[in-house]
Amino acid sequence: MKVIETCFEMAALCRAAERPLGLVPTMGALHDGHLSLTRRARADNATMAASLFVNPTQFGPHEDFGSYPRRLVRDLELLAAQGADLVLAPPPEEIYPAGFDTWIEPGAAAEGMEGAARPGHFRGVATVVAKLFGIVRPDRAYFGQKDGQQVAVIRKMTADLNLGVEVVTMPTVREADGLALSSRNAYLTPEERMAAPVVYRALRAAESQWQAGERDAERLRAAALAVLQGEPLVESVDYVSVVDGDTMAAVDTVTGGRRVMVAAAARVGAVRLIDNVVLG
Ligand code: PAF
């Protein structure tokens, strides 16, 4: 496994690499969710590349960029064990050199939910992913359904800009009690960790209503919200949304033939948890 710090060297090695080439973009602090992506990328491709880069431009000014977990040595061990061939682990100035001034502005898919709660977040995500696609030129790139809106934004950008990358989405990996794996779970106190699966329970409540025949999005939302509001350690609920799984547009009635996602973001203690389920 080669660990590379510069875009120039990564691009050269990727150009010379055997195809197909699969890329797993990450911000490090790898967990089993990431490893499900690398496992799939390894199985699907002749070359498996990954990136470890805590992207400053997708964090708001009051968010956790400074304290985001950084575990380079452990991450590299995990990637080596997964059979990665190439790992890009650049310093920030390599991705954003002085004078960097070109941005991807995603459209409607980025407006609601995370986009509304975290202004500028998806502009940062889309820009860094476009850059990674430009450096690595992968045939496929792998993302987790846990960040369902991120996947929709990246898919749309990839199609709209003809980036020629197959975007592969892998199912959310969960703890035994349903909590979706996330690098930020490490911030939870033991008490908050016990309460945190409430987000998935809330989404499952909406899903059960849907399975029982409820098609009204507002009632599905209300079912999830009631579960979240019943947990004293939930400090606030940013949103519970019922949206089209591809466009992220709000849905009033869940009709057949359409992929619908129920998504939620809630704060448990100081930690903002996000999760989603796809109906059907
Ligand atoms: O999902 C993440 O870890 C990040 O948003 C990504 C896609 C690596 C871009 O920084």
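Everything in this summary refers to the structure shown in the same document. (Residues numbered from 1 in each chain as written. Predicted model: local features only at pLDDT ≥ 70, side-chain atom pairs only at ≥ 80, totals over all residues. Heavy atoms only, no water.)

What to know about the site of the ligand
This is how the line gets drawn: By convention in this text, a residue qualifies as near a molecule or strand provided that one of its non-hydrogen atoms is within 4 Å of it. Between N or O atoms, a polar contact is any pair within 3.5 Å; within protein, one atom must be a potential hydrogen donor and the other a potential acceptor, and residues adjacent in sequence are included only when both atoms are from side chains. To be clear on the numbers: accessible area is Shrake-Rupley with a 1.4 Å probe, and residue cover counts the displayed protein chains and nothing else. Put simply, Ala, Val, Leu, Ile, Met, Phe, Trp, Tyr, Cys and Pro go in the nonpolar bin, Asp, Glu, Lys and Arg in the charged bin, and everything else, Gly too, in the polar bin.
Neighbouring the ligand are P25, T26, M27, N55, Q58, V128, F143 and Q150. Residue Q58 places a side-chain N or O atom 2.6 Å away from an oxygen atom belonging to the ligand. A total of 290 Å² of accessible area belongs to the ligand in isolation, and the protein chains cover 89% of it. Of the residues belonging to the shell around the ligand, the class tally is 4 nonpolar, 4 polar and no charged.

Brief notes about the layout of surface pockets
One simple way to see leftover space: roll a probe sized like a water molecule over the atoms. This is how the line gets drawn: Space inside and on the surface of the protein is sampled on a 1 Å grid over the protein atoms alone, with a cavity defined as a set of points where a 1.4 Å probe fits but cannot get out and a pocket as an open set with protein on both sides within 12 Å along at least 5 of 7 lines; lining residues have an atom within 4 Å of a point. Grid points are joined across faces, edges and corners, and a volume is the space filled by probe spheres set on the points.
Looking at the second largest pocket, its volume works out to about 300 Å³. Every residue lining the second largest pocket is counted, 17 residues in all, and those nearest its centre are L52, F53, V54, L72 and P90. Here the residues of the lining of the second largest pocket are counted per class, giving 12 nonpolar, 1 polar and 4 charged.

Things to note about the side chain of N185
Our working definition: A run of DSSP states H or I qualifies as a helix once it reaches four residues; a run of E qualifies as a strand once it reaches two. Both are numbered from the N-terminal end. Partly exposed describes any residue whose relative accessible area lies between the buried limit of under 20% and the exposed limit of over 50%, with all areas from a 1.4 Å probe on protein chains only and scaled to the type maximum. Whether two residues touch is decided by their heavy atoms; if any such pair falls within 4.5 Å, the residues are in contact.
Position of N185 relative to the elements: it lies in the loop between strand 6 (166–170) and helix 8 (190–195). For N185, a relative accessible area of 12% gives the class buried. What N185 contacts, discounting residues up to four positions off in sequence, is L179, A180 and L273.

By themselves, these are just geometric observations and shouldn't be taken as functional.
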